Amino acid sequence: MPTNLMRASAPPVAARSSARNVNIVVIALTAALVALQLVGLAILERSHAHAMQAPVSREPVGCPEAAAAPVPEIPYD
């Protein structure tokens, strides 16, 4: 009879295993989201650095030919 009492008082193994599996899945999803954020940040940083490489002049760019060209008006409805 003491053997039966010890078995009855033991917690079920399946519930612990299920909770452990859920924790593993949650940790894996969190790691995947963090990795995606890091990849996105790296892409954003690269595109920003690439955009900053283009030469930017502080003086307005003018084209002498553009001033003499006629500009057609667009009719509105």
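Residues numbered from 1 in each chain as written. Predicted model: local features only at pLDDT ≥ 70, side-chain atom pairs only at ≥ 80, totals over all residues. Heavy atoms only, no water.

Broken down by element type, the chain carries three helices and zero strands. Along the chain, helices (α) and strands (β) appear in the sequence α-α-α when read from the amino end. Relative to its 77 residues, the chain shows a buried fraction of 0%. Just so you have it, the chain exposes about 7900 Å², and 67% of that area is on carbon and sulfur atoms. (Helix = DSSP H or I, 4+ residues; strand = E, 2+ residues; numbered from the N terminus. Buried < 20%, exposed > 50% of the residue type's maximum accessible area, 1.4 Å probe, protein only. Areas by Shrake-Rupley, 256 points an atom, 1.4 Å probe, with all protein chains shown as cover.)

Confidence in the prediction for the chain averages 76 pLDDT; 56% of positions are at 70 or higher. For the chain, per-element mean pLDDT is lowest for helix α3 (residues 64–68), which scores 56, and highest for helix α2 (residues 13–52), which scores 89. (pLDDT = per-residue confidence, 0-100.)

Moving on: a nonpolar patch on the surface. Taken together, the side chains of V34, L38, L41 and L44 present a nonpolar region at the surface, about 390 Å² in accessible area. Residue placement: L44 occurs in helix α2. (Patch = residues over 30% accessible without salt bridge, like charges linked within 9 Å, V, L, I, M, F, W, Y side chains within 5 Å. Salt bridge = Lys/Arg side-chain N within 4 Å of Asp/Glu carboxyl O.)

Tracing the backbone through its elements, the reader meets T30 in helix α2. A polar contact is formed between the side chain of T30 and the backbone oxygen of V26, at a distance of 2.8 Å. (Polar contact = N/O pair within 3.5 Å; in protein donor to acceptor, adjacent residues only side chain to side chain.)

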